[in-house]
Number of protein chains: 2
Amino acid sequence: MINIAIDAMGGDFGEKPIVEGVIKALNIKPFNAILVGKSEVLKPLIPKNLEHFVQYEEAEEVFSMEENATDALKRKDTSIYKAIELVKNGKAQAVVSAGHSGASMSLATLRLGRLQNVLRPAIATLMPNITGTTLLLDVGANTDCKSENLFQFAIMGGVYAKEIMQIAKPRIALLSNGEEECKGNELTKETHQLMKKLPNFIGNAEGRDIFNANVDVLVCDGFSGNVILKSCEGVAGAIFKILKADIKTNLISKLGAVLMKPSFMRLKKKIDWQEYGGAPLLGVKGCVIISHGKSDARAIQNAIFQALHFSEANINKAIENELSKF
Amino acid sequence: MINIAIDAMGGDFGEKPIVEGVIKALNIKPFNAILVGKSEVLKPLIPKNLEHFVQYEEAEEVFSMEENATDALKRKDTSIYKAIELVKNGKAQAVVSAGHSGASMSLATLRLGRLQNVLRPAIATLMPNITGTTLLLDVGANTDCKSENLFQFAIMGGVYAKEIMQIAKPRIALLSNGEEECKGNELTKETHQLMKKLPNFIGNAEGRDIFNANVDVLVCDGFSGNVILKSCEGVAGAIFKILKADIKTNLISKLGAVLMKPSFMRLKKKIDWQEYGGAPLLGVKGCVIISHGKSDARAIQNAIFQALHFSEANINKAIENELSKF
């Protein structure tokens, strides 16, 4: 059975939603959960029938969201540090953390180390599109990139799409401000030329292509990726707010909204990031799933399933194989 | 009366929606329209009662969307070239074009020239937010920027917000991947320090802040701006597509959608770029409004009104004044 280290104290809402997420996951699929944090706080939250699936690793401190990621290495008593160490020492195959993502990332990179030939790890996230999902990377690990970094992100994303998303020939594209090869900034123009070496490269794609299901893997630097994530979150939120405010002014619309509620709920579920759990950090030894600080139990459950799939697949070996070809 | 040169042949759908937009605008507010294109094609489209508001400037050619913007200067018989020349020669105060935006931009920059001290002109666009609009710039003119460029975009955007959007103290922010000063890529970190000189600078903002009405002017490089525009268009489109598909599967939802139709229509109108007409090019001598290639008559009408407001205001003088302070 796979051992998963869970940073039980990180996250904006403390241990409650995280432990609930672990319980939800355990009720569906067995695995060994190693809860990292204060066992005296955590133990009472685990129901009797699941006790034998849960172990504890003591960690007195939490790396807070206000701290600087560069300090993570010094804070050896934090739950995220100890969770990463469990993977480093072979006691767990994967980490799930909803804590400080910068800290998770730098600890993973520095303590677990990068896979062979990886210059920089990248955070990959699944975005919902009209028919399924698009993998977007990097979404925050690297704000300033070189073309070789983006080239490697493309390879790593392609492997993830094959191994985890089960897409035999993933369509890999480069985010730019136009589809034509000549479009882009200096970075993307240079990257475009490198990416031509990849058999699955389909060229430049624009922001809208994330959602129209034309692309399986979209590559960008972490700054653009973060801007996309947050803009899209913003526009979706604004649409529902504007609609809600409008409905209040009109009784017939209100009735319509009541009748449409199941449709709205299904839409919400489909575009809700909590459904996608977390974002794998690609390019490090081991498996690190970075969850949103505001994750609820469902998001943590899904992040755990991601960690299970990742650990069961041979993705890290496949990344090293692919990279060695170039 | 203000003379507005209208590139009547550019745009993805030819002269029809453009001339219709001119007619719509003339029916609301008088101005002198100079239609640039083939007068034999254009004349029959203008109703008798508006004839005395319309003049013609012959242009045999159209600068096509497939051409390279750098060739615009050589193609002296295109409608966009001739429209820009009308402003250069003082025969018109403004240009509206739904043609090749790169061509409009480089012709405006090279033929009209930049305002005093302007390093690079920027395309500014109004984005709908939950209560009004946010001005986003640059959205495509400059894919690679230096911090001094972004600093000037902030000043120009601030002037536009004051003069056209009538916001006495516009809140100016810098797009980054986090609100904290330390967040960002090299470019934004450097720009943040420069922007501190601006009294209305409120710090970094994230993608979502475009929509929550916390910011009046959001500054970014043209690559990021383009990515935002297209991603947001994509996510809005995907939301409606998913919802539409879902409604089809359920009779009650379908009925609900019928009842909600007026609310959906108002939402659509609110978030529809056609409502906002076009994007002013800030930093050039004269007034150039760049419209979407897919503009319908309403979008052209709104772009013309933008050109009228712009020409009536003292924005270019104000931009020069503000820039001279730094």
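Residues numbered from 1 in each chain as written. Chains lettered and ligands numbered in written order. Predicted model: local features only at pLDDT ≥ 70, side-chain atom pairs only at ≥ 80, totals over all residues. Heavy atoms only, no water.

A. Expanded view of the interface of chain B and chain A. Taken together, the contact between chain B and chain A spans 50 residues of the former and 50 residues of the latter. For the pair chain B and chain A, the two sides together bury roughly 4,600 Å², of which 69% comes from carbon and sulfur. At the surface where chain B touches chain A, the tally comes to six salt bridges. Arg-208 of chain B serves as the salt-bridge partner of Glu-233 of chain A, at 3.4 Å between the closest nitrogen and oxygen. (Contact = heavy atoms within 4.5 Å. Buried area = accessible area lost by both parts, 1.4 Å probe. Salt bridge = Lys/Arg side-chain N within 4 Å of Asp/Glu carboxyl O.)

B. Region of interest: the pattern of salt bridges. Using the criterion set out here, one finds 36 salt bridges over all chains in the structure. Across the pair Lys-29 of chain A and Glu-312 of chain A runs a salt bridge whose closest N-O atoms are separated by 3.7 Å. In this pair, Lys-29 of chain A sits in the loop between helix 1 (15-28) and strand 2 (32-37) while Glu-312 of chain A sits in helix 9 (residues 297-312), placing the two residues 283 residues apart along the sequence. Across the pair Glu-51 of chain A and Lys-48 of chain A runs a salt bridge whose closest N-O atoms are separated by 3.6 Å. In this structure, a network of salt bridges that share partners links the residues Glu-206 and Arg-208 of chain A together with Lys-230 and Glu-233 of chain B. (Helix = DSSP H or I, 4+ residues; strand = E, 2+ residues; numbered from the N terminus.)

C. Local environment of the sheet that holds strand 10 (residues 278-282) of chain A. All names here are of chain A. If you trace the eleven strands from one edge of the open sheet to the other, you get 3-2-1-4-11-10-5-6-9-7-8, paired in mixed fashion. Two strands close off the open sheet at either side, each with one partner strand: strand 3 (54-58) and strand 8 (201-205). Taken pair by pair, the neighbouring strands of this sheet meet at an average axis angle of 25°, ignoring direction. As defined by bridge partners, strand 5 (residues 122-128) adjoins strand 10 across two bridges and the pair is classed as antiparallel. Residue pairing for strand 10: Ala-122 is matched across the bridge by Leu-282. Sheet strands in contact with helix 7 (residues 222-248) are strand 5, strand 6 (133-137) and strand 7 (172-175), and its direction is about 30° off that of strand 5. (Pairing = 2+ DSSP bridges. Axes fitted to C-alpha atoms, helices over the stretch in contact; angles between N-to-C directions.)

D. Examining the relation of the copies chain B and chain A more closely. Rotating chain B by 180° about the axis while translating it 0.0 Å along that axis superimposes it on chain A, leaving an RMSD of 0.1 Å. As the rotation angle and translation indicate, the two copies are arranged about a two-fold axis. Of every C-alpha in chain B, the one belonging to Gly-256 of chain B sits nearest the axis of rotation, 1.8 Å from it. Comparing interface residues between copies, 100% of those in chain B also lie at the interface in chain A; the contact surface is shared. (Least-squares fit on C-alpha atoms with pLDDT ≥ 70 in both.)

E. Spotlight on a positive patch on the surface. All names here are of chain A. Positive charge collects at one region of the surface, where Lys-244, Lys-248, Lys-254 and Lys-268 lie side by side. For the positive patch, the secondary structure elements donating two or more residues are helix 7 and helix 8 (251-271). Structurally, Lys-268 is set in helix 8. (Patch = residues over 30% accessible without salt bridge, like charges linked within 9 Å, V, L, I, M, F, W, Y side chains within 5 Å. Areas by Shrake-Rupley, 256 points an atom, 1.4 Å probe, with all protein chains shown as cover. Lys, Arg positive; Asp, Glu negative; His and termini not counted. Charge placed at Lys NZ, Arg CZ, Asp CG, Glu CD.)

F. Looking closely at the packing of helix 7 (residues 222-248) of chain B against helix 8 (residues 251-271) of chain B. Residue and element names in this part refer to chain B. Taken N-terminus to C-terminus, the directions of helix 7 and helix 8 make an angle of 165°; their axes are 11 Å apart at the nearest point. If you check the angle between helix 7 and helix 8, you find them roughly antiparallel. Along this stretch, helix 7 crosses helix 8, giving a crossing that reads as left-handed. Where helix 7 abuts helix 8, its residues Ala-236, Phe-240, Leu-243, Ile-247 and Lys-248 lie against Ser-253, Lys-254, Ala-257, Phe-264, Leu-267 and Ile-271. Here the residues of the contact of helix 7 with helix 8 are counted per class, giving eight nonpolar, one polar and two charged. (Parallel < 35°, antiparallel > 145°, perpendicular 65-115°, else oblique. Left-handed = near helix turned anticlockwise from the far one by under 90°. Nonpolar A, V, L, I, M, F, W, Y, C, P; charged D, E, K, R; others polar.)

G. Region of the structure containing the state of the cysteines. Residue and element names in this part refer to chain B. Inspection of every chain in the model, using the stated rule, returns zero disulfides over all chains. Note on Cys-145: no disulfide assigned, nearest cysteine sulfur contributed by Cys-220 at a separation of 8.4 Å. On the basis of relative accessibility, which here comes to 14%, the residue Cys-145 falls in the buried class. (Disulfide = S-S within 2.5 Å. Buried < 20%, exposed > 50% of the residue type's maximum accessible area, 1.4 Å probe, protein only.)

H. The environment of Lys-196 of chain B, seen in detail. Residue and element names in this part refer to chain B. Note that Lys-196 resides in the loop between helix 6 (186-195) and strand 8 (201-205). Classification of Lys-196 as partly exposed rests on a relative accessible area of 43%. Those residues in contact with Lys-196, other than ones at most four positions away along the chain, are Glu-181 and Phe-201. For Lys-196, the side chain forms a polar contact with the side chain of Glu-181, separated by 2.7 Å. Of note is the side chain of Lys-196, whose polar atom sits 3.2 Å from the side chain of Gln-193. (Polar contact = N/O pair within 3.5 Å; in protein donor to acceptor, adjacent residues only side chain to side chain.)

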